[in-house]
Each structure stands twice: as structure tokens, then as C-alpha cells.
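Each chain, written out:
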Amino acid sequence: MTEIARYLAASRIGHLKEPGEASKIRYDALLSLCRGFIPSLENVPVVVVYSLNKTSEVVTFSSGPTLVFDQYIGQALNTLTRILYWADDERTAFRYFAKLLAEECVLTGNADLARHAAAVHVELDRFWKLPTIASAPEKLEEVLLQELFVFAHEYCHILMNADESFAESRHRIGELLLSSSDRAPSMKQQYEQYRARYPDSTTYEDFVDACAEKERFIAKSGEALRDELSCDDFALSVLIHACKTLGRPPGLAFRAAFLCMRHIRLLNYVRAFVRQVRDGQELSAVNDRVRLLQARQHQVRGVFSLAAKAAGIKEDLAATWSEIQTLSDDHDSRLDDPLLFGFFPKVGDVVSKMTDPSMLPRSNLQACFDLAELMGWSPREDQPSFLQL
């Protein structure tokens, strides 16, 4: 077994359906869009997996860094986009949340909660009446660009690992994006804008405290946030380039980048919640990973108009910025709020009735493996298989 195969077998649960020729064609196309930016680094290794983990990462082996891209992320982005645009019943979202919860519980060894979540997923199947993403060509393009954003972001990380001069140039861009908050409106103006959208929300004092807490987190996470922002900027540039190449409106790139970051944050709410259950912590669904994603999305969105100018986009994008605000509100009302204030409290009630949900006996782990196989995943030692690009 190769080094990469050993690592994947030890860290992931793969799907019985292996990445095939269609996947190679799809991800070769994504890779070519990224490589066009830095031709001198086009030999950086990339492998594609299809795993329950839904995470992509840069892993350093004896031969050097390798990008591991998980195609299951694309399916999650697809499904969340369909819910955002077409779900008219909260239980439609709950059905998918239950699936995400069951999968994360399997990964953390909580078979009892995984069974509850899987049962809810099946029970709510009658509320799943969404059209496929292929039925709406523009929405399909948006989802493909979301997946490209994730791919390009991770590809930027591996380029930074592989080339010091590229990393230095990216760090400078990351520092610029970090300092963009210096040009933000005054605190009073920010509060007035916030109250205009949420008239029954927090007091000015609480708003100031929340902003100060956010700034403290940004200061604490400076280097990590800088690197993430620099890769977000690279990914956004790739999306704008893709839209130009394909003759699509540039606003599509910004909508896709925004939605991708919101969807990834939602997936991490679920991960944080399940790990808080495992560790017996307060079930807030917020951890440092989520806070970092929140900071990234806020900083990147704040410089969208500057990025458009830097890319030489001459079209008036005022309508796009308005659409993104609407998407943000819709994401709150159709996805984030139902998850955080509807679904998770119900799950919390279930957790409170369990004897000790943090206990992970071997029999429980085996039950998780059994559940994974029922859902089409394989915890066998030779899984997951992978595709070398």
C-alpha cells in the first residue's frame, strides 16, 4: 500500500462508489483553470477521494505536499444550494441536516445519536421534493463555481507550501485583506446598518462588545486568518477568470464565492455541534473553526468591489451586491436559523436524555462502521480508493 493510500485508509471512510473517469474529466478541468495562473508550478500532485469526511486538505508525505480533494464536498454544496433556492418547508432542510448529523456522528463514534439522526432523515423523506440542480442551468453553473472555489482555495495552499516566493506574495495580499477592516464604517454607522436589517436585535452596547470580541479573535488568529484570506483571494480570482473564459457574467463568480463560504460555514456548525456532544461541552455549534470562517467571509465580502476593480471588471455590479445581500438574508432564514435555532435544540433534547453520549466503547464504534456500510460507505482497511490527477 502506498503512503497516500495508508494515510487515506487511516483518516477517512470512503464510498463504495469509487471516483471514476467522469470524476477525472471534471477535476482535470478544475485543475487546468487553477494551473493557468501559475504555470511553473503545474506539477504539484493532486488526488481526488470520495469520503464521508467531506474535507479537503494539504498533506505532506515523504515525496512532498499533496492536495487531497474530497468530491463529496461538491454534493453537499449542491444540496444546500437546492434547499436555499427551492425549499418551501423547514422540514426539507431538517431532512438534510439529519443526514449531515448522522454522518458526523459516525465519524466521531456516536452510534446512538447517529441512529436517531438517520431515523429522522428517513422519516422526513416525504418532504424532499426539490428539483435537481441540472434543471436550472444558471444554478448548476453557480454550484460548479462553488466547487471550483473550494478546489482553488486548497490548491493555493499547496502552491504556498511548494514555492516560497509565491507564499510571500500571497502573504502580502492576505495582510491587505486583513487590514481592510480599517476602512470599515464607524461603529455607529455599522450599528445603524445592522438595526436596519434586524430591528428587534441587540442593543448598541452589546453590538460594540460583539464587535470587540470579533476584533480580538482576528488579532489572535492573525497568521492563520491571513493565509486563509490569501487563498480565498486566489480562489475568487480563479472564479472571475473562469467566468471570463466561459463568457458568463462576472457577478456569477461573486455570488458563487459568497454562497460557497456560507455553505462551508454551515457544514462546520454541524461538525462543531457533534464534537461538543462528544466532549460534553455547551452545545453552541460555534468553535474557533467556525469563528475563523465567519471572519473570512466578512473580510472577503467586504472587498468584493475592490476585487472587481482589480480584475478589470467594467460592468456595474450594484445589482450583484444587492443579490448577495438577499442571498445572505435567505441563507439566514432558510438554512442557518433553522439549523441553529430549530434543529439543534431538538437534537439537544435527545442528547440530554442519553445516559452518557460522550462514551465511545468499542461496540459503539463497530456500530458506527455498520451504519456507515448501510449508508453506502466502506470502513474497510483498503478504503478509500483515490484518483490521481
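Residues numbered from 1 in each chain as written. Predicted model: local features only at pLDDT ≥ 70, side-chain atom pairs only at ≥ 80, totals over all residues. Heavy atoms only, no water.

Counted under the stated rule, the structure contains 14 aromatic pairs. Their ring planes at 80 degrees and their centres at 5.8 Å tell us that Tyr-7 and Phe-61 sit as a pair that is edge-to-face. Taken together, the positions of Tyr-7 in helix H1 (residues 3-11) and Phe-61 in strand E3 (residues 57-61) put the pair 54 residues apart, joining distant regions of the chain. Taking the relative accessible area as the measure of exposure, Phe-61 reaches 10% and is therefore buried. On the basis of an interplanar angle of 65 degrees and a centroid distance of 5.1 Å, the ring pair of Phe-254 and Phe-304 is categorised as edge-to-face. Placement of Phe-254 in helix H11 (residues 251-279) and of Phe-304 in helix H13 (residues 304-310) is noted, with a sequence separation of 50 residues between them. Given a relative accessible area of 0%, Phe-254 falls into the buried group. (Phe/Tyr/Trp six-rings, centres within 6.5 Å; stacked < 30°, edge-to-face > 60°. Helix = DSSP H or I, 4+ residues; strand = E, 2+ residues; numbered from the N terminus. Buried < 20%, exposed > 50% of the residue type's maximum accessible area, 1.4 Å probe, protein only.)

Low pLDDT marks stretches whose predicted atomic positions should not be read closely. Of the residues in the protein chain, 82% reach a pLDDT of 70 or more, and the chain-wide mean stands at 83. Under a pLDDT of 50 for its full length, residues 359-363 has, in the predicted model, seven contacts with residues more than four places off or in other chains. (pLDDT = per-residue confidence, 0-100. Contact = heavy atoms within 4.5 Å.)

Before going further, it helps to spend a moment on the environment of Gly-342. If you trace the backbone, Gly-342 turns up in helix H14 (residues 318-353). Sequence separation of Gly-342 and Glu-90 is 252 residues, and the distance between their C-alpha atoms is 9.0 Å. With residues up to four places along the chain from it excluded, the contact list for Gly-342 reads Phe-94 and Asp-337.

This brings us to the side chain of Lys-54. Position of Lys-54 relative to the elements: it lies in the loop between strand E2 (46-49) and E3. Here Glu-103 takes part through its side chain, which lies 2.7 Å from a polar atom of the side chain of Lys-54. Not counting the four nearest positions on each side in its chain, Lys-54 is found in contact with Asp-70, Tyr-72, Ile-73, Ala-76, Leu-100, Glu-103, Glu-104 and Arg-271. (Polar contact = N/O pair within 3.5 Å; in protein donor to acceptor, adjacent residues only side chain to side chain.)

A few words now on helix H10 (residues 222-246). Taking 1.5 Å per residue, 25 residues should reach 36 Å; H10 reaches 36 Å between its end C-alpha atoms and fits that length. Among the 25 residues that make up H10, 18 are buried, leaving the element largely enclosed by the rest of the structure. Directly beyond the C-terminal end of H10, a positive phi value near 70 degrees is found at Gly-247. (Expected span 1.5 Å × (residues − 1).)

By size, the foremost hydrophobic cluster in this structure holds 102 residues, and its most contacted members are Tyr-155, Phe-254, Phe-343 and Phe-344. If one sorts the elements of this core by residue count, H11 sits on top with 18 residues. Once residues within four sequence positions are removed from consideration, Phe-343 is found in contact with Phe-94, Phe-97, Ala-98, Leu-101 and Pro-338. Ile-4, Val-49, Phe-61 and Val-68 belong to the second-largest nonpolar core, a separate cluster that totals seven residues. (Core = buried A, V, L, I, M, F, W, Y, C linked by side-chain atoms within 4.5 Å.)

Turning to the pattern of salt bridges, a few remarks are in order. For the structure on display, the rule yields 24 salt bridges. Notably, a salt bridge pairs Asp-125 with Arg-95, separated by 2.9 Å at the nearest N-O pair. Of this pair, Asp-125 sits in the loop between helix H5 (111-123) and helix H6 (137-162) while Arg-95 sits in helix H4 (residues 90-108), and the two are 30 residues apart along the sequence. Here Asp-125 falls in the partly exposed class, since its relative accessible area comes to 41%. Where Arg-275 meets Glu-104, a salt bridge forms, and the shortest distance between an N and an O atom there is 3.1 Å. Taken together, the residues span a long stretch of sequence, with Arg-275 in helix H11 and Glu-104 in helix H4 at a distance of 171 residues. Using a relative accessible area of 2% as the deciding quantity, one classes Glu-104 as buried. Where salt bridges share partners, they join Glu-138, Glu-142, Arg-255 and Glu-323 into one cluster. (Salt bridge = Lys/Arg side-chain N within 4 Å of Asp/Glu carboxyl O.)

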